[in-house]
Amino acid sequence: MDLATLRTIYQGNVTLSLDQQARQAIADAQQTVEAIVASGKVVYGINTGFGKLAQTQIPADRLADLQRNLVLSHSVGLGELLPDNVTRLVVATKIISLARGHSGVRIELVEALLALFNAGVMPCIPEKGSVGASGDLAPLAHMSLMLLGEGQVRLNGALIPATEGLASVGLSPFVLGPKEGLALLNGTQVSTALALRGLFEAENLFAAGLMAGALSLEAIKGSLKPYDVRIHQARGQHGQIAAAAAVSALIEGSKILSSHTHCGRVQNPYSIRCVPQVMGACLDNLCHAARILQIEANAASDNPLVFSDGGDVISGGNFHAEPVDFAADILALAIAEVGAISERRLALLLDTGLSGLPPFLVRDGGVNSGFIIAQVTAAALASKNKSLAHPGSVDSLPTSANQEDHVSMATYAARRLGSTCFNSAAVVGIEAMAAAQGIEFNRPLKSSATLEQAIDLIRQRVDFLEEDRLLAPDTDAMRQWASRADWPQSLTALLPSLRALTSAE
């Protein structure tokens with residue numbers, strides 16, 4: 001499944017189905033498991049205990065109890081429930097993993113997940129309780145409860161008993177077969193879903209950051225010379241070249257730009273001049289993380305894995321979410337940096353000695369404070385992101401009596417991306433609001449058609465600040481502006497999942 005489809009799942013309801021090749025692969029693996037049970041051969045995960053109890057053989061008449069108890073005992077998550085958009089990604093990627101044909105589950109189990117997904121019946125998954133190895137055990141156990149008819153599910157925003165959710169699609173609670181509970185619980189789907197959310201929100205934020213940077217450059221009548229393609233080709237960094245070209249395209253045709261061609265300004269501050277270098281590096285990291293997460297979203301990541309062509313069941317460690325962990329850490333750094341350079345441009349706009357604009361972007365300063373405290377809020381959020389950007393991948397705490405002696409902490413690393421994106425989106429939104437204010441002081445000069453359209457969209461959300469007013473609603477409206485996916489093609493063409501969506505339209 002490609003990133004565009006995963007983003008579509010994140011954004012709304014999508015109907016999924018299994019192709020014939022996947023059905024055959026699932027059936028072949030399940031037959032391999034059945035043959036092992038019938039032979040009496042002892043194989044981990046099929047007829048043994050788990051973790052430190054892997055040496056304990058379970059008799060055939062207790063295998064159903066084993067799988068049910070596994071789900072119930074592992075359902076120990078805490079915290080707020082994951083939102084439906086993330087939960088859809090969890091269920092979709094679990095279906096993908098099972099459909100690879102290495103899990104040994106019955107086709108009926110996968111069809112049940114598909115029916116529930118397509119009907120919008122979502123499991124209730126608490127956000128906390130996973131260390132990212134052996135997979136996202138606790139949250140995936142909560143996902144699996146609905147198949148047993150235990151606990152609650154969410155349908156159209158309302159909580160209902162899981163039995164009612166199953167009945168709504170013509171299903172009854174499952175009695176799990178050999179390995180099925182383990183296949184459902186093992187895997188990186190929750191970490192991956194949270195990281196995908198972070199990627200999609202980071203893509204929106206990145207586009208907003210380039211737009212805000214272009215608006216700020218126009219507001220201070222900055223020079224476009226640092227965006228000359230020759231500079232960036234001389235270095236050769238792909239993201240940098242792309243970011244410079246995107247900003248140049250946004251500003252093309254600006255009357256503000258042509259009004260100060262011979263103004264004598266030699267250099268802009270780094271937050272304006274080095275947008276291609278900083279944002280380009282962020283873009284390169286977004287693209288790297290996107291590649292890793294697309295692979296993981298399509299991976300068989302439970303354990304043990306069934307290889308039906310040779311009748312083998314092999315225990316490994318694909319449940320270890322270290323790839324997701326590093327991808328999430330990379331995203332956190334990029335998200336924080338987009339906010340950090342945005343906050344510096346905001347501070348520049350408010351400094352009349354550097355910007356040439358009225359102090360704090362308001363008339364009758366002194367009586368009016370203008371954007372003084374809006375910048376303080378932005379600084380607080382940008383600073384908070386420094387701690388949120390601390391790598392999750394450097395953390396580990398042993399579990400399961402030291403059997404699981406190195407874990408990824410990927411679930412936390414991915415989950416914190418939501419807060420990091422929220423903070424940076426607020427910072428970028430405040431900058432864009434301030435930059436639009438600054439451009440108004442340059443009237444009657446007009447910017448480019450693209451940037452004037454952007455200003456019109458900003459004005460639909462917030463008015464020009466003629467005098468002090470309650471700004472909290474405006475800052476949140478602009479945070480939402482920076483969190484949207486609707487950007488000019490010159491920006492969406494840069495970003496992995498948005499680029500794919502644009503080309504498909």
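If you're wondering where the values come from, they're calculated on a predicted model, not measured in any experiment.

A. The side chain of S408, seen in detail. Structurally, S408 is set in the loop between α17 (372–388) and α18 (410–440). Looking at S408, the relative accessible area reads 0%, which means it is buried. The residues touching S408, leaving out its near neighbours within four places in the chain, are V131, G132, A133, H320, A321, E322, D325, G392, S393 and D395.

B. Molecular detail of the pattern of salt bridges. As enumerated under the stated definition, the model contains 17 salt bridges in all. In this structure, the salt-bridge partner of R154 is D84, at a minimum N-O distance of 2.7 Å. Of this pair, R154 sits in strand β4 (residues 152–155) while D84 is found in helix α4 (residues 84–99), placing the two residues 70 residues apart along the sequence. R469 is paired through a salt bridge with D474; the nearest N and O atoms lie 2.8 Å apart. The class for R469 is partly exposed, based on a relative accessible area of 31%.

C. The packing of aromatic side chains, seen in detail. All told, the structure shown has three aromatic pairs when counted by the stated rule. Centre to centre, the rings of F441 and F464 are 5.7 Å apart; their planes meet at 65°, and the pair counts as edge-to-face. Highlighted residues: F441 in the loop between α18 and α19 (449–461) and F464 in the loop between α19 and α20 (472–482), separated in sequence by 23 residues. Here W481 and W487 contribute two aromatic rings whose centre-to-centre distance is 5.1 Å and whose plane-to-plane angle is 85°, an arrangement assigned as edge-to-face. Taken individually, W481 and W487 each receive the classification buried, so the pair is uniform in this respect. When the ring centre of W487 is taken as origin, the NZ or CZ atom of R484, which lies over that ring, is 3.9 Å away.

Rules and cut-offs
Residues numbered from 1 in each chain as written. Predicted model: local features only at pLDDT ≥ 70, side-chain atom pairs only at ≥ 80, totals over all residues. Heavy atoms only, no water. Helix = DSSP H or I, 4+ residues; strand = E, 2+ residues; numbered from the N terminus. Buried < 20%, exposed > 50% of the residue type's maximum accessible area, 1.4 Å probe, protein only. Contact = heavy atoms within 4.5 Å. Salt bridge = Lys/Arg side-chain N within 4 Å of Asp/Glu carboxyl O. Phe/Tyr/Trp six-rings, centres within 6.5 Å; stacked < 30°, edge-to-face > 60°. Lys NZ or Arg CZ within 6 Å of the ring centre and 35° of its normal.

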